[in-house]
Amino acid sequence: MSNDPDYLSCKKKECKKRRNGKCKFTTCGGSIIFHVINIRTDIEFVFFAGGFATPCILSRTQPVNFANPKKPLYGHLSSVDSTGTSMRLTWVSGDKEPQQVEYGDDGKTQTSEVSTFTQENMCSSALPSPAKDFGWHNPGYIHTAVMTGLQPSSTVSYRYGSEAVDWSDKIQFRTPPAGGSDEMKFLAYGDMGKAPRDASTEHYIQVRVGVHSRGPGSLSVVKAMSDEVNNGNVDSVFHIGDISYATGFLVEWDFFLHQITPVASRVSYMTAIGNHERDYVNSGSVYSTPDSGGECGIPYETYFPMPTPSKDRPWYSIEQASVHFTVISTEHDWWLNSEQIACSHRPMYSSLDGLLSVDKFFVKSVEPLLLKNKVDLVLFGHVHNYERTCSVFRNKCMGIPTKDDNGIDTYDHSNYTAPVHAIIGMAGFSLDKFNKNNATWSLSRVAKFGYLRGHATKQEIQLEVHAS
């Protein structure tokens, strides 16, 4: 109400009590605007006093329902292999019956496989988790279908749904380049979350880290990426962990999927799992923290099916053009001789101190594998800023980039020495400030919202930070 000038000036007066023809008690009217999306279930608006600690309900509305709670929504794409000839589409609906994706000039169709998850699937402990208790919201039904017979690096139109529940708008997307081809352009980042499009604060984690006061970073990042996608400058997107930050408040996944739709419905949107998707006490995660709010990776793997070996083994590799991407999970077993090999959410090098940023046991187990397999570039999230290293191994610079005529750092890996590490966890959830101590291996540090832009050919990869 503090944002409504009519309320502050009491422009909309209403007399509630009169005596002898004179008004003795006047109220001032105002309005609040909420950003509401189709979450399939009825919504009530409650006016209360006393704050969150001691709430006292003063008034509430009648339930407001959606005209079509079964409407197919939030379609997002992902690659299934390295050929660029097949693409998976995943969407949400309130209807459990299979639907279709219709695509291409000749109107090919594929029928969806339908899945969901229940409150019983969520993790909990002695204290009920948000996902198991007060944060639960019915996810509806998640549909997924694979479009086949496509051509790599080409534009295809599609729509999804059915006559029974309605169809989505017709959308154009671009298939990624085939592995081994000449060129690709990609965007990469971690730790996005979602920002409210109104003045609300959805749940405790936003209050805890002061997200609302720090600004809607994810909104500006998605807008900038959407502009790049619309201009034809993006083949694929890689979101490396800490996806929605729902942390057990399940309706937040719907809001996040709505937020990324302008990007994820147009190009391949590949993901890695992070601590805020997977970690929970006694759930099998490496770190016994409550960071997922009891989700334990189940909503993440349902909403974002990647080309992984099986459920709860969320690692994979894929080639697009001249780049081989290997995605691992830092939240599962990464000890020596484990099934995983390389590249993911928690970093190995960060100027921020403490276990919350770098785990020395993870570094000891995995860093030698990067060197052994001659990994050129390692991208991480988890820490909410951008930081790039020299070619580094065991805290020592094995190679230093030279400056070209434009002052751009150039790494020569024709004589390979060690990987370059880059933290790219600045996609919108919050920002971590750097301390004044600058390690010798730290060459570039930016504490602004943004993402990494990559342009790869068979000769080189050009990387640029888009920050605002």
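What counts, and where the lines are drawn
- Residues numbered from 1 in each chain as written.
- Predicted model: local features only at pLDDT ≥ 70, side-chain atom pairs only at ≥ 80, totals over all residues.
- Heavy atoms only, no water.
- Helix = DSSP H or I, 4+ residues; strand = E, 2+ residues; numbered from the N terminus.
- Polar contact = N/O pair within 3.5 Å; in protein donor to acceptor, adjacent residues only side chain to side chain.
- Salt bridge = Lys/Arg side-chain N within 4 Å of Asp/Glu carboxyl O.
- Buried < 20%, exposed > 50% of the residue type's maximum accessible area, 1.4 Å probe, protein only.
- Disulfide = S-S within 2.5 Å.
- Patch = residues over 30% accessible without salt bridge, like charges linked within 9 Å, V, L, I, M, F, W, Y side chains within 5 Å.
- Areas by Shrake-Rupley, 256 points an atom, 1.4 Å probe, with all protein chains shown as cover.
- Lys, Arg positive; Asp, Glu negative; His and termini not counted.
- Charge placed at Lys NZ, Arg CZ, Asp CG, Glu CD.
- Core = buried A, V, L, I, M, F, W, Y, C linked by side-chain atoms within 4.5 Å.
- Contact = heavy atoms within 4.5 Å.
- Axes fitted to C-alpha atoms, helices over the stretch in contact; angles between N-to-C directions.
- Parallel < 35°, antiparallel > 145°, perpendicular 65-115°, else oblique.
- Left-handed = near helix turned anticlockwise from the far one by under 90°.
- Nonpolar A, V, L, I, M, F, W, Y, C, P; charged D, E, K, R; others polar.
- Expected span 1.5 Å × (residues − 1).

- Named according to an unreviewed UniProt entry, the protein chain is Purple acid phosphatase originating from Citrus sinensis.

## Looking at the side chain of Ser 430
Then comes step 1: Summarising the element assignment, Ser 430 is placed in the loop between β24 (420-424) and β25 (442-446).
Then comes step 2: One polar contact links Ser 430 to His 384, side chain to side chain, over a distance of 2.7 Å.

## Concerning the pattern of salt bridges
Then comes step 1: Within the structure shown, the criterion is met by 17 salt bridges.
Then comes step 2: The partner of Lys 70 in a salt bridge is Asp 95, and the shortest N-O contact between them spans 3.9 Å. One end of the pair, Lys 70, is in the loop between β4 (56-60) and β5 (73-79); the other, Asp 95, is in the loop between β6 (87-93) and β7 (100-103), and 25 residues separate them in sequence.
Then comes step 3: With relative accessibility at 40%, the residue Lys 70 sits in the partly exposed group.
Then comes step 4: We note a salt bridge from Asp 409 to Arg 388, for which the minimum N-O separation is 3.1 Å. With Asp 409 in strand β23 (residues 409-410) and Arg 388 in strand β20 (residues 386-393), this residue pair connects regions lying 21 residues apart in the sequence. Summarising the burial analysis for this pair, Asp 409 and Arg 388 share the class buried.

## Notes on the state of the cysteines
Then comes step 1: Summed over all chains, the structure comprises 4 disulfides.
Then comes step 2: Here Cys 15 pairs with Cys 23 through a disulfide, and the sulfurs are 2.3 Å apart. On the S-S bond that ties Cys 15 to Cys 23, the torsion sits near 115°, and the link is right-handed.
Then comes step 3: Residue Cys 23 is classed as partly exposed on the basis of its relative accessible area of 33%.
Then comes step 4: A sulfur-sulfur separation of 2.0 Å characterises the disulfide bridge that pairs Cys 123 with Cys 296. Here Cys 123, found in the loop between β9 (113-115) and β10 (141-147), pairs with Cys 296, found in the loop between α6 (275-278) and α7 (298-303); they are 173 residues apart in sequence, far enough to count as distant.
Then comes step 5: Residue classification places Cys 123 among the buried positions, given a relative accessible area of 18%.
Then comes step 6: Among the cysteines of the protein chain that take part in disulfides, numbered as they appear in the sequence, the pairing is 1-4, 2-3, 5-6, 7-8.

## Some points on a positive patch on the surface
Then comes step 1: Taken together, Lys 17, Arg 19, Lys 22 and Lys 24 make up a surface patch of like positive charges.
Then comes step 2: Mapped onto the positive patch, the elements with two or more residues apiece are β1 (13-19) and β2 (22-28).
Then comes step 3: Secondary-structure assignment places Lys 22 in strand β2.
Then comes step 4: Taking the relative accessible area as the measure of exposure, Lys 22 reaches 57% and is therefore exposed.

## Brief notes about the nonpolar core
Then comes step 1: Of all hydrophobic cores here, the largest spans 61 residues; its most connected members are Met 192, Tyr 269 and Phe 304.
Then comes step 2: The greatest single-element share of this core, amounting to 7 residues, is contributed by helix α5 (residues 251-264).
Then comes step 3: Those residues in contact with Tyr 269 that sit more than four places away from it in its chain are Leu 77, Ser 78, Tyr 189, Val 237, His 239, Phe 256, Ile 260, Val 263, Ala 264, Phe 304 and Met 306.
Then comes step 4: Counting residues in each nonpolar core, the second largest holds 15 residues, with Trp 334, Val 366, Val 375 and Val 392 among its members.

## Observations regarding unusual backbone geometry
Then comes step 1: Backbone geometry at Thr 247 places phi at a positive 45°, although glycine is not the residue there.
Then comes step 2: Within the fold, Thr 247 resides in the loop between β15 (236-240) and α5.
Then comes step 3: Here Thr 247 falls in the buried class, since its relative accessible area comes to 1%.
Then comes step 4: In this structure, Asn 282 is a non-glycine residue whose phi angle is positive, near 55°.
Then comes step 5: The exposure class assigned to Asn 282 is exposed, which follows from its relative accessible area of 77%.

## Structural notes on the packing of helix α4 (residues 217-230) against α5
Then comes step 1: Packing of α4 against α5 leaves a shortest axis separation of 8 Å and a crossing angle of 20°. Comparing the axis directions of α4 and α5 gives the class roughly parallel. Handedness of the α4/α5 crossing: left-handed. Residues Ser 218, Leu 219, Val 222, Met 225, Ser 226 and Val 229 of α4 lie in contact with α5, whose contacting residues are Gln 259, Pro 262 and Val 263.
Then comes step 2: Class assignment of the residues belonging to the contact of α4 with α5 gives a composition of 6 nonpolar, 3 polar and no charged.

## Here's the deal with α4
Then comes step 1: The terminal C-alpha atoms of α4 lie 20 Å apart, and with 14 residues this matches the ideal 20 Å at 1.5 Å per residue to within 8%.
Then comes step 2: With 10 of 14 residues buried, α4 lies mostly within the body of the structure.
Then comes step 3: Residues of α4 that are buried include every one of Gly 217, Ser 218, Leu 219, Val 221, Val 222, Ala 224, Met 225, Ser 226, Glu 228 and Val 229, and no others.
Then comes step 4: Turning to α4, the residues buried within the fold contact β14 (183-189), α5, β26 (450-457) and β27 (461-467).

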